[in-house]
Amino acid sequence: QVQLVESGGGLVQAGGSLRLSCAASGRTFSSLAMGWFRQAPGKEREFVARISWSGGFTRYADSVKGRLTISRDNAKNTVYLQMNSLKPEDTAVYYCAAGVGYYGDYEKPSFYDYWGQGTQVTVSS
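Values in this document were obtained by computation on a predicted structure and should not be read as measured data.

Asks: Would you take a moment to explain the nonpolar core for this structure?
Replies: Side chains that are nonpolar tend, in soluble globular proteins, to be buried together. Ranked by internal contacts, the top residues of the largest apolar core, which has 38 residues, are Leu4, Met34, Trp36, Leu81 and Tyr94. If you list the elements that add at least two residues to this core, you get strand 3 (18-25), strand 4 (33-39), strand 5 (46-51), strand 7 (68-73), strand 8 (78-83), strand 9 (92-99) and strand 11 (119-124). Sorting elements by how many residues they give to this core places strand 9 first, with five residues. Ignoring anything within four residues of it in the chain, the contact list for Met34 reads Leu4, Cys22, Phe29, Arg50, Ile51, Ile70, Arg72, Val79, Ala97, Ala98 and Tyr112.

Structure (structure tokens):
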């Protein structure tokens, strides 16, 4: 079992920044593929970013490229999402996710085996 605990959400004005953290426990962190997803009211959960086991490979949704940065610290068992130049359309509950597999679509929620409880990000205009 893997436990994921997100923190760092909040209310920010458009153009502002937030950094989300997701602390993992229960399994060797460096063996987990990690991702961030978000879900706005009335919408499906959507892919935001993902990072490989070593942190050497990252991928982003087109809507967040150049503004959000995913990173991980395997020594601290933590993955981060640095969010800059935030827009009102970034408002959502943000979830971190961990996957133990190697094959599949890393940008689909179904790839991931474990989920955090979510943290609310609200961007005011």
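Asks: Can you help me understand the state of the cysteines in this one?
Replies: As used in these notes, a disulfide is a covalent bond between sulfur atoms, one from each of two cysteines. The final tally for this structure, using the stated rule, is one disulfide. Here Cys22 is linked by a disulfide to Cys96, with a sulfur-sulfur distance of 1.9 Å. Its S-S torsion of about 45 degrees marks the bond between Cys22 and Cys96 as right-handed, since a negative value means left-handed. Separated by 74 residues along the polypeptide, Cys22 in strand 3 and Cys96 in strand 9 bring together distant segments of the chain. For the pair shown, Cys22 and Cys96 are each scored as buried.

Asks: Can you walk me through the side chain of Ser21 in this structure?
Replies: Here Ser21 is to be found in strand 3. Each residue touching Ser21, except ones within four places of it in the same chain, is listed here: Val5, Glu6, Ser7, Trp36, Thr78, Val79 and Tyr80.

Asks: I tried to follow the environment of Asn74 on my own but got confused; where do I start?
Replies: In this fold, Asn74 is placed in the loop between strand 7 and strand 8. In this structure, the C-alpha to C-alpha distance between Asn74 and Arg38, residues 36 residues apart in sequence, is 23 Å. Contact partners of Asn74, with chain neighbours within four places excluded, come to Phe29, Ser30, Trp53 and Ser54. For Asn74, the side chain forms a polar contact with the side chain of Arg72, separated by 2.8 Å.

Asks: Looking at this model, I keep getting lost on the packing of aromatic side chains. Mind explaining?
Replies: How two aromatic rings sit relative to each other is given by the distance of their centres and the angle of their planes. Summed over all chains, the structure comprises nine aromatic pairs. Considering the side-chain rings of Tyr95 and Trp115, the 6.5 Å spacing of their centres and the 80 degrees angle between planes classify their relative orientation as edge-to-face. Taken as a pair, Tyr95 in strand 9 and Trp115 in strand 10 (residues 114-115) lie far apart in primary sequence, 20 residues in all. Judged by relative accessible area, which is 27%, Trp115 ranks as partly exposed. One aromatic cluster is present, built from ring pairs that chain together Phe37, Phe47, Trp53, Tyr95, Tyr102, Tyr106, Phe111, Tyr112 and Trp115. Positioned above the aromatic ring of Tyr95, the side-chain terminus of Arg45 is 3.8 Å from the ring centre.

Cut-offs applied
- Residues numbered from 1 in each chain as written.
- Predicted model: local features only at pLDDT ≥ 70, side-chain atom pairs only at ≥ 80, totals over all residues.
- Heavy atoms only, no water.
- Core = buried A, V, L, I, M, F, W, Y, C linked by side-chain atoms within 4.5 Å.
- Buried < 20%, exposed > 50% of the residue type's maximum accessible area, 1.4 Å probe, protein only.
- Helix = DSSP H or I, 4+ residues; strand = E, 2+ residues; numbered from the N terminus.
- Contact = heavy atoms within 4.5 Å.
- Disulfide = S-S within 2.5 Å.
- Polar contact = N/O pair within 3.5 Å; in protein donor to acceptor, adjacent residues only side chain to side chain.
- Phe/Tyr/Trp six-rings, centres within 6.5 Å; stacked < 30°, edge-to-face > 60°.
- Lys NZ or Arg CZ within 6 Å of the ring centre and 35° of its normal.

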